[in-house]
Amino acid sequence: MSMSNPLARARGMGSAKGGVQHWLAQRVTAVFLIFLVAWLVYAMIVLSGADFATARAFIASPVNAALLIVLVIALLYHAMLGLQVVIEDYVHHPATEITLQLLVRAGAFLGMALGVVYILKIALGA
Amino acid sequence: MKAKQRPLSPFMIGPYYKPQLTSLMSIAHRASGVFLSVIGAPLLLWWIIAVSKGPEAYQALLGFYGSWAGRVLLAASMLALSYHLFNGIRHLVWDSGRALEIRSAYTAGWLVLIASAVLTAVLLGVLL
């Protein structure tokens, strides 16, 4: 019978590192996105066939602009975490994998920044 | 050091596994997620940027949405969005430790497919 406690035996034996935070962030954003995508569906139905002035007025409303900003950030963060796992699972060539992971992160953060800047431009009438 | 040829479980696509609703829906969740990331999110950003840039950019966007390629991408995005939304809820229910029995997995699977088909039809009816 071993004298070490279960934690001491488990330590250093597996691949567990920072997975819980990633797992949780994927699900927290998923829960937010249920509501945000429901709102997006509503927006798409309201704005289908809308002219430019109507679309602009919709985004310019403070509540809609705020919801759209949160949607873009949550969506791209959720997408980034998901693509990261897909790449980890299927791309086994180290240089290709690192390149793809960097591209995914860069694309997600750039998309978030672009989304926020352009939504604010509309909301502030610039 | 040369890696030993250890036995591995075979890749999911191939002659080794019979296609099942549960496994096909699992890989479709990933596929729809990748499609939404690579095509859907850029379409959303393009819409935001076009509305910000002005009437001409907005008309160009509407022109693309009306084109053959635009309609295909829009339709595929709506299908992927509907499916990923409802199947994502199915996954969250599983994560809570509920509905993990095989029968529940199939029942929820069919419900997801029906709900996705309905939402896709509504969105395409409105948008296209």
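These figures come from a predicted structure and were not determined experimentally.

What counts and what doesn't
Residues numbered from 1 in each chain as written. Chains lettered and ligands numbered in written order. Predicted model: local features only at pLDDT ≥ 70, side-chain atom pairs only at ≥ 80, totals over all residues. Helix = DSSP H or I, 4+ residues; strand = E, 2+ residues; numbered from the N terminus. Rg over C-alpha atoms; globule rule 2.2 N^0.38 Å. Contact = placed C-beta atoms within 7 Å. Expected span 1.5 Å × (residues − 1). Buried ≥ 20, exposed ≤ 12 C-beta atoms within 10 Å, placed from the backbone. Nonpolar A, V, L, I, M, F, W, Y, C, P; charged D, E, K, R; others polar. pLDDT = per-residue confidence, 0-100. Core = buried A, V, L, I, M, F, W, Y, C linked by C-beta atoms within 7 Å. Axes fitted to C-alpha atoms, helices over the stretch in contact; angles between N-to-C directions. Parallel < 35°, antiparallel > 145°, perpendicular 65-115°, else oblique.

A. Representation of the overall build of chain B within the structure. Per the secondary structure count, chain B includes 4 helices and 0 strands. Moving toward the C terminus, one meets the helices and strands of chain B in the order α-α-α-α. By the compact-globule yardstick of 14 Å for 128 residues, chain B is too spread out, its C-alpha radius of gyration being 19 Å. Its C-alpha atoms give chain B principal-axis dimensions of roughly 60 × 45 × 30 Å. A sequence separation of at least 24 residues applies to 71% of the contacts in chain B between residues at least 6 apart.

B. Helix H4 (residues 102-127) of chain B, seen in detail. Its 26 residues give H4(B) an end-to-end C-alpha distance of 37 Å, which sits within 8% of 38 Å, the value for a rise of 1.5 Å per residue. Taken together, the buried residues of H4(B) touch helix H2 (19-47) of chain A together with helix H3 (68-95) of chain B.

C. The environment of Ala41(B), seen in detail. The topology assignment puts Ala41(B) in helix H1 (residues 21-53). With 62 residues separating them in the primary sequence, Ala41(B) and Arg103(B) have C-alpha atoms 34 Å apart. Those residues within four positions of Ala41(B) in sequence are excluded, and the remaining contacts are Leu75(A), Leu76(A), Ala79(A), Gly111(A) and Leu36(B).

D. Examining the environment of Ser37(B) more closely. Position of Ser37(B) relative to the elements: it lies in helix H1. For Ser37(B), a count of 23 C-beta atoms within 10 Å translates into the label buried. For the pair Ser37(B) and Ser77(B), spaced 40 residues apart in sequence, the C-alpha to C-alpha distance is 9.9 Å. Dropping the residues within four chain positions of it, Ser37(B) is found in contact with Ala79(A), Gly82(A) and Leu83(A).

E. Focus on the interface of chain A and chain B. Each partner contributes residues to the interface: chain A has 26 residues there, and chain B has 22 residues. Listing elements by their share of the side of chain A that touches chain B, those giving two or more residues are H2, helix H3 (52-60), helix H4 (62-90) and helix H5 (94-123) of chain A. It is H2(A) that provides the largest number of residues to the side of chain A that touches chain B, a total of 8 residues. Split by residue class, the side of chain A that touches chain B holds 19 nonpolar, 4 polar and 3 charged.

F. Spotlight on the confidence of the model for chain B. Taken over all residues, the pLDDT of chain B has a mean of 93, while the share at 70 or more is 98%. Among the prediction metrics, the complex's ipTM stands at 0.90, with pTM recorded as 0.89.

G. Spotlight on unusual backbone geometry. The backbone phi angle of Ala99(B) is positive, close to 55°, even though this residue is not glycine. Mapped onto the elements of the fold, Ala99(B) is located in the loop between H3 and H4.

H. The arrangement of the nonpolar core in detail. In terms of nonpolar packing, the biggest core is built from 37 residues, with Leu75(A), Leu76(A), Ala79(A), Ala41(B) and Val51(B) touching the most fellow members. Looking at this core element by element, the count peaks at 9 residues for H4(A). Residues in contact with Leu76(A), not counting those within four places in the same chain, are Ala108(A), Gly111(A), Met112(A) and Ala41(B).

I. Quick look at the environment of Asn64(A). Residue and element names in this part refer to chain A. Assignment of secondary structure puts Asn 64 in helix H4. Placed 60 residues apart in sequence, Asn 64 and Ser 4 show a C-alpha to C-alpha distance of 57 Å. Contacts of Asn 64, omitting those with residues within four sequence positions, involve Phe 58 and Ile 59.

J. Focus on the packing of H3(A) against H5(A). Residue and element names in this part refer to chain A. Between H3 and H5, whose axes approach to 8 Å, the crossing angle comes to 105°. Of the possible angle classes, the one that applies to H3 and H5 is roughly perpendicular. Contact residues: Arg 56, Ile 59 and Ala 60 in H3; Ile 119, Ile 122 and Ala 123 in H5. Classifying every residue of the contact of H3 with H5 gives 5 nonpolar, no polar and 1 charged.

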